[in-house]
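Structure at a glance
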Amino acid sequence: MTGINTFSDSIAGGISDGLDVAVRAAAELGEGPTWDAAAQRLIWVDILSSRVHTYDPASGRRTVLATEQHVGAAKPRAGGGLVVNLRDGIGLYGADGAFSWLAHEPVPGRRGNDAAVAPDGSLWAGTMRYDEATGGGTLSRIAPDGSRTEILPDVTVSNGTGWSPDGSLMYYADTPTCRIDVFDVAGEGVTGRRPFVRIEDGAGFPDGLCVDADGGVWVALWDGGAVRRYTPDGTLDRVVELPVRRPTACAFGGSGLTDLYVTSARVGLGPAEQPLAGSVLVLAGAGQGLAQSAFKG
């Protein structure tokens with residue numbers, strides 16, 4: 001792959017073979033990597049710096065879009081542009097860069113966090129309180145017309161959301177629970193919530209996740225310095241050790257959807273700690289990803 005720089009930093013601990021730096025950065029809270037198939041680029045955000053970043057691995061070209069509010073996630077739209085999960089609701093950027101609100105619902109002390117586009121083209125957007133108060137957030141389905149259906153109330157830190165290859169299951173992480181849950185998809189909602197995997201004490205906290213073409217669930221472990229893959233029956237079968245303590249999310253990208261991109265955060269770390277914290281890492285040939293839907297709004 002062009003545009004990828006193999007890192008040479010000396011970091012204590014094991015590093016997985018084939019792991020490179022895609023974007024060397026110092027993001028406060030890098031999050032939400034998403035492969036934009038139409039543009040053949042990676043989209044990711046720095047939540048606390050209110051920035052949406054893009055990266056073209058073929059050319060190395062990068063762009064930065066400043067948003068007016070903290071931005072929890074940015075996803076491609078079917079007609080071009082972006083849908084963004086902001087502090088005060090869901091916004092749209094057109095292909096020309098013009099901004100408009102799709103669902104403006106400010107709640108004092110709360111902001112948008114991770115989000116994902118479902119196979120039907122709807123946006124599933126999470127929220128959380130800045131003080132991370134228990135039960136202060138939600139997970140909602142945003143239809144293309146902007147109508148909102150609350151799926152899960154009383155969430156603390158709404159994070160990774162993904163669907164099985166056949167669309168019959170949805171995976172979800174409320175990070176402080178140290179658990180990934182799985183649901184049965186029922187129409188425009190979900191039922192039958194149950195634990196999929198529990199993260200053991202000391203291994204970190206489940207943050208962003210993605211699902212591969214074989215139904216495996218990959219999850220970034222905040223404060224765990226690793227990404228894990230679980231088989232569809234919940235068995236741990238791979239651990240990717242990282243040179244950063246706070247990976248935040250992962251997604252497959254590249255022309256063949258075989259490269260795993262991982263965002264990370266510098267927040268809470270001193271200036272001399274972990275030189276690669278806040279960068280976007282990539283593991284080439286990690287597996288076979290699933291094509292992701294664009295938001296239909």
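Residues numbered from 1 in each chain as written. Predicted model: local features only at pLDDT ≥ 70, side-chain atom pairs only at ≥ 80, totals over all residues. Heavy atoms only, no water.

Remarks on unusual backbone geometry
Here the phi dihedral of Gln40 falls at roughly 55°; this positive angle occurs in a residue that is not glycine. Looking at the secondary structure, you find Gln40 in the loop between β2 (30-36) and β3 (41-46). You can call Gln40 partly exposed: its relative accessible area is 33%. Despite not being glycine, Cys178 has its phi angle at roughly 60°, a positive value. With respect to the element layout, Cys178 can be found in the loop between β15 (169-174) and β16 (179-186). Looking at Cys178, the relative accessible area reads 18%, which means it is buried. (Helix = DSSP H or I, 4+ residues; strand = E, 2+ residues; numbered from the N terminus. Buried < 20%, exposed > 50% of the residue type's maximum accessible area, 1.4 Å probe, protein only.)

Focus: the packing of aromatic side chains
Evaluation of the coordinates by the stated rule reveals 6 aromatic pairs. Aromatic side chains Tyr93 and Phe99 sit 5.1 Å apart centroid to centroid with 55° between the ring planes, which places their arrangement in the tilted category. Looking at Phe99, the relative accessible area reads 35%, which means it is partly exposed. In textbook terms, an aromatic cluster arises when at least three aromatic residues are bridged by ring pairs, as seen for Tyr93, Phe99 and Trp101. Looking at Arg111, its charged tip hangs above the ring of Tyr130, at a distance of 5.9 Å from the centre. (Phe/Tyr/Trp six-rings, centres within 6.5 Å; stacked < 30°, edge-to-face > 60°. Lys NZ or Arg CZ within 6 Å of the ring centre and 35° of its normal.)

A closer look at the pattern of salt bridges
Scanning the entire structure with this criterion turns up 15 salt bridges. The partner of Arg194 in a salt bridge is Asp184, and the shortest N-O contact between them spans 3.1 Å. Linking Arg194 in strand β17 (residues 189-198) with Asp184 in strand β16, this pair joins segments that are 10 residues apart in sequence. Taking the relative accessible area as the measure of exposure, Arg194 reaches 31% and is therefore partly exposed. Since its relative accessible area comes to 31%, Asp184 is described here as partly exposed. (Salt bridge = Lys/Arg side-chain N within 4 Å of Asp/Glu carboxyl O.)

Looking at the sheet that holds strand β6 (residues 71-76)
What the 4 strands build is an open sheet, ordered β6-β7-β8-β9; its pairing is antiparallel. The sheet is open, and its two edges are formed by β6 and β9 (99-104), each paired on a single side. Averaged over all pairs of adjacent strands, the angle between strand axes in this sheet comes to 25°, irrespective of strand direction. In the sheet, strand β7 (residues 82-86) pairs with strand β8 (residues 89-93) via 5 bridges, with the strands oriented antiparallel. Paired with Asn85 across the strands is Ile90, a residue of β8. (Pairing = 2+ DSSP bridges. Axes fitted to C-alpha atoms, helices over the stretch in contact; angles between N-to-C directions.)

Digging into the UniProt feature "domain: SMP-30/Gluconolactonase/LRE-like region" (unreviewed entry) in the protein
When the UniProt feature table is mapped onto this chain numbering, "domain: SMP-30/Gluconolactonase/LRE-like region" (unreviewed entry) sits at residues 29-266. The span residues 29-266 is 0% helix and 59% strand, and its two end C-alpha atoms sit 6 Å from each other. (UniProt positions renumbered as here; feature names shortened; annotations may be inferred.)

Brief notes about the nonpolar core
Trp218, Val227, Leu242, Cys250, Leu260, Val262 and Leu281 are the most contacted members of the largest nonpolar core, which totals 19 residues. Of all the secondary-structure elements, those providing two or more residues to this core are β1 (19-23), β19 (217-222), β22 (247-253), β23 (259-264) and β24 (280-283). Contacts of Val262, omitting those with residues within four sequence positions, involve Val227, Leu242, Pro247, Ala249, Cys250, Ser279, Val280 and Leu281. By size, the runner-up hydrophobic cluster in this structure holds 14 residues, among which are Val182, Phe196, Ala203 and Leu221. (Core = buried A, V, L, I, M, F, W, Y, C linked by side-chain atoms within 4.5 Å. Contact = heavy atoms within 4.5 Å.)

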